[in-house]
Amino acid sequence: MKRIIILWLAFLPLVFTISCNSDVTESKSQETYQCPMKCEGDKIYIEEGSCPVCKMDLKPVADAPVLADEISELSIFNLTSNWTDQNNRTIELKELKGDVLVVVMIYTSCKAACPRLVADMRNIRKEVGERDNVNYVLVSIDPKTDTPARLKEFSIENFMDDEHWTFLNGSEENVREFANVLAMKYKSISPLDFSHSNIISVFNVGGELEFQQEGLGVDNKEIVASINKLVK
Amino acid sequence: MIKYFIFCSFILNSLVGFTQEKSEMKEIHGGTFVPLYGSDSSEVIVAPFLLDVYPVTNKKYKEFVVENEKWRKSKVIQLFADDNYLYKWYSDTEYPKSMLENAPITNISWYAAKAYCAVQGKRLPTMDEWEFVAMASESLANAQTDSVFNQRIIEGYELPKTYAKPVGSTFKNYWGIYDMHGLVWEWTNDFNSVMITGESRQDASSESTLFCGSAAVNATNLMNYAAFMRYAFRGSIKANYNIRTLGFRCASNESEKAD
């Protein structure tokens, strides 16, 4: 009797290993393989082996990335950062999805370029006319000074206080990341002042960058045309 | 068989020990310095912080992509890295044998470098922090006026394929940090604070010194020329670029030292 138990115990791990092995082969059979050098383009093999052209081992094909709500890889809605708007509402960028976005980065204590950038934004809106699905977004590069309350004040002072204007306050980290998405440069040059590039960017409803206007007081014709084209 | 196991575990242990040693950090006491490209009051204060002794290696970066699928070559999204991301890698988790495991990782974007540091509980160093450490020679915290040191940096920029060398192959500086010069360029957190667009040149005249030829001529020492190259390089890149000669290392705040 003892001997049987010992024998059975000895076999136990073996049984487990076998069952494990079969699991592995099962999942493997669902994978597809491809030449790592793509000698035959996107040709896919069902079994492991080597590439008939370059003789390299075939590699499993990785699944295509699945993106939430079908936004493209270039969409700014891939950024998951949290922001606070001028009405103290916490939002993620993807909540702005569905509108054409006209985006500029400013700081409200700015005396030099920003007032003109803000004026440019107002002029663009005037030239585009009253459209339902265009959102004009102003992101502060000085989040410490530009609290949501300060942004609210600023929006009222500058007659930018309706639902088509969005002012965003975020962490320094998130602002830096957002600036990089816009290829916008900025630097704090004293406690209250920044130097920064003057760029107004247009994003389509899917959050992809469509157009950038660089400079101050330039002719808005092109940017207005690009917005109108996107709104249709 | 047992002997084989012991041998294997010995090798493994020594490998683990090796990688731990490589992500070691050193304390930078901080201080003030005058960067090539500073603020209104040209002197910048650098608070004490910790910096990786070596740039992040291929091996360490591979461990990162194995654990963080989002940053694998096939998964990374275009917004965060262009087509040159991990350019030479065969697959998501394999790089060619020609790339040393302890050579610095390159062909990574700013977003990727930032994510890597975040996973380690660290961050990218700021440009001022990086430059502060970079002005140290073997014996001096500030070697900006040492002409031999400066000459060496510039000569280092002329050497080809230094990115393929193992980390630690250049000199150890005053702070105990290796490879600030002579191996790879490195990402910094606020690299996008260097302005070179024509527009910013007009409205920020104080910054024009960086891009105007006369500024280089007026530079007080040769170090400024090497620094000029670094700043100009930073000003020319975008965060989703992946460049063969551009790597990174991580920093962290002094207060997190206990971790």
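Residues numbered from 1 in each chain as written. Chains lettered and ligands numbered in written order. Predicted model: local features only at pLDDT ≥ 70, side-chain atom pairs only at ≥ 80, totals over all residues.

### Here's the deal with the overall build of chain A
A count of helical and extended segments in chain A gives five helices and eleven strands. Within chain A, buried positions represent 32% of all 232 residues. Expressed as a percentage of contacts within chain A between residues at least 6 apart in sequence, the contacts between residues at least 24 apart total 60%. (Helix = DSSP H or I, 4+ residues; strand = E, 2+ residues; numbered from the N terminus. Buried ≥ 20, exposed ≤ 12 C-beta atoms within 10 Å, placed from the backbone. Contact = placed C-beta atoms within 7 Å.)

### Some thoughts on the confidence of the model for chain A
Residue and element names in this part refer to chain A. Per-residue pLDDT for chain A has a mean of 81; in total, 82% of the residues score no lower than 70. Considering only residues more than four positions removed or in separate chains, one finds that residues 12-29, a stretch of pLDDT under 50, has zero contacts. Contacts from residues 63-68, a stretch scored under 50 in pLDDT, to residues over four places away or in other chains number two contacts. (pLDDT = per-residue confidence, 0-100.)

### What to know about the pairing of strand β10 (residues 199-203) of chain A
Where a strand is regular, its side chains alternate between the two sheet faces. Residues and elements named next belong to chain A. Of all five residues that make up β10, five are buried, and the element is covered over most of its length. Burial along β10 is two-sided: Ile199, Ser201 and Phe203 and Ile200 and Val202, pointing in opposite directions, are all buried. With four bridges connecting them, strand β5 (residues 100-106) and β10 associate as antiparallel partners. Note on β10: the bridge partner recorded for Val104 is Ile200. As paired elements, β10 and strand β11 (residues 209-214) share five bridges and run antiparallel to each other. Note on β11: the bridge partner recorded for Ile199 is Glu214. Where β10 hands over to β11, the hairpin turn is made up of five residues, of which Gly207 adopts a positive phi near 85 degrees. (Pairing = 2+ DSSP bridges.)

### Side note on the environment of B:Met135
Residues and elements named next belong to chain B. Relative to the helices and strands, Met135 resides in the loop between α4 (127-134) and α5 (147-158). Between the C-alpha atom of Met135 and that of Pro35, which follows or precedes it by 100 residues, the distance is 9.6 Å. Not counting chain neighbours up to four residues away, the residues in contact with Met135 comprise Phe33, Asn142, Ala143 and Gln144.

### Some remarks on the sheet that holds β5(A)
Residue and element names in this part refer to chain A. Pairing is mixed in the open sheet, where seven strands are placed in the order β4-β3-β7-β6-β5-β10-β11. Strands with a single pairing partner mark the edges of an open sheet, and in this sheet they are β4 (90-92) and β11. Neighbour-to-neighbour, the strand axes of this sheet turn through a mean angle of 30 degrees, independent of strand direction. When strand β6 (residues 134-140) meets strand β7 (residues 165-169), the two strands line up parallel, connected through four bridges. Looking at β7, one finds that Val137 is bridged to Thr166. Of the strands in this sheet, β3 (82-85), β6 and β7 are in contact with helix α3 (residues 148-157), which crosses β7 at around 150 degrees. (Axes fitted to C-alpha atoms, helices over the stretch in contact; angles between N-to-C directions.)

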